[in-house]
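# Report on the structure
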Amino acid sequence: MKGIRIVGFSIESAMKKNNVDATVIREKFGFSDVEFQQVLKGRKMLTFPQLSKIADYIGVSVKALLKEDNREYDENVVHCMTGFTKGENRENILNDIYDYMDLYDEVLK
């Protein structure tokens, strides 16, 4: 799941850097507000064609969005806690939180 979170984080960062409004992307690519937030938080996976079109629209390469060595991600992905000594612990906690959120969302349907 870390890879999906990195993609979402990278999309959000590129949008901010290139002044691209999330509302425009949601409307252009047919996402609801909730779906697009799930994409940005790494809870919803994009198809390669979707990823490619979004990358083109925000002015970055797909490769840049898939970049695994992302210091910016490590420093900013968890904004409500102090840093983790081991990144894998952070990822395990985020996986558990997101699994719970997915289950919660399904129960509410």
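This section reports on the structure supplied with the text.

The rules behind these values
Residues numbered from 1 in each chain as written. Predicted model: local features only at pLDDT ≥ 70, side-chain atom pairs only at ≥ 80, totals over all residues. Heavy atoms only, no water. Helix = DSSP H or I, 4+ residues; strand = E, 2+ residues; numbered from the N terminus. Buried < 20%, exposed > 50% of the residue type's maximum accessible area, 1.4 Å probe, protein only. Areas by Shrake-Rupley, 256 points an atom, 1.4 Å probe, with all protein chains shown as cover. Salt bridge = Lys/Arg side-chain N within 4 Å of Asp/Glu carboxyl O. Phe/Tyr/Trp six-rings, centres within 6.5 Å; stacked < 30°, edge-to-face > 60°. Core = buried A, V, L, I, M, F, W, Y, C linked by side-chain atoms within 4.5 Å. Axes fitted to C-alpha atoms, helices over the stretch in contact; angles between N-to-C directions. Parallel < 35°, antiparallel > 145°, perpendicular 65-115°, else oblique. Contact = heavy atoms within 4.5 Å. Nonpolar A, V, L, I, M, F, W, Y, C, P; charged D, E, K, R; others polar.

Summing up its helical and strand segments, the protein has 7 helices and 0 strands in all. For the protein, the sequential pattern of α-helices and β-strands runs α-α-α-α-α-α-α. Looking at the protein residue by residue over its 109 residues, the buried ones come to 34%. For the protein, the computed accessible surface area is about 7200 Å², with 53% contributed by carbon and sulfur atoms.

All right, on to the pattern of salt bridges then. Once the charged atoms of two side chains with opposite charge are near each other, the side chains can pair. The full count for this structure, using the stated rule, is 2 salt bridges. In this structure, Lys41 engages Glu12 in a salt bridge whose closest nitrogen and oxygen atoms are separated by 3.9 Å. Note that Lys41 is positioned in helix α3 (residues 33-41) and Glu12 in helix α1 (residues 2-17), a separation of 29 residues in sequence. Residue classification places Lys41 among the partly exposed positions, given a relative accessible area of 35%. For Arg26, the salt bridge is made with Asp33, and the minimal N-O distance between the two is 3.3 Å. Take Arg26: its relative accessible area is 17%, and that puts it in the buried class. On the basis of relative accessibility, which here comes to 44%, the residue Asp33 falls in the partly exposed class.

In this structure the tally under the stated criterion is 2 aromatic pairs. Arranged with centres 5.7 Å apart and planes meeting at 40°, the rings of Phe31 and Phe36 form a pair that is tilted.

Time to look at the nonpolar core. In terms of nonpolar packing, the biggest core is built from 18 residues, with Ile11, Met15, Phe36, Leu46, Leu51 and Ile58 touching the most fellow members. Going through the elements one at a time, α1, α2 (22-29), α3, α4 (48-58) and α5 (62-66) are the ones with two or more residues in this core.

Another aspect to go through is the environment of Ser52. On the secondary structure map, Ser52 appears in helix α4. Sequence-wise, Ser52 and Val62 are 10 residues apart; in three dimensions their C-alpha atoms are separated by 5.9 Å.

The next thing to look at is unusual backbone geometry. In this structure, Asn19 is a non-glycine residue whose phi angle is positive, near 55°. Along the chain, Asn19 falls in the loop between α1 and α2. Owing to a relative accessible area of 72%, Asn19 belongs among the exposed residues under this scheme.

Relative placement of two packed helices is described by the angle separating their axes and the distance separating the axes. Orientation of α1 relative to α3, taken along the N-to-C sense of each, is 105°, at an axis distance of 5 Å. As the angle between them shows, α1 and α3 are arranged roughly perpendicular. Taken together, the residues of α3 that come into contact with α1 (itself represented by Arg5, Gly8, Phe9, Ile11, Glu12 and Met15) are Phe36, Val39, Leu40 and Lys41. Tallied by class, residues from the contact of α1 with α3 come to 6 nonpolar, 1 polar and 3 charged.

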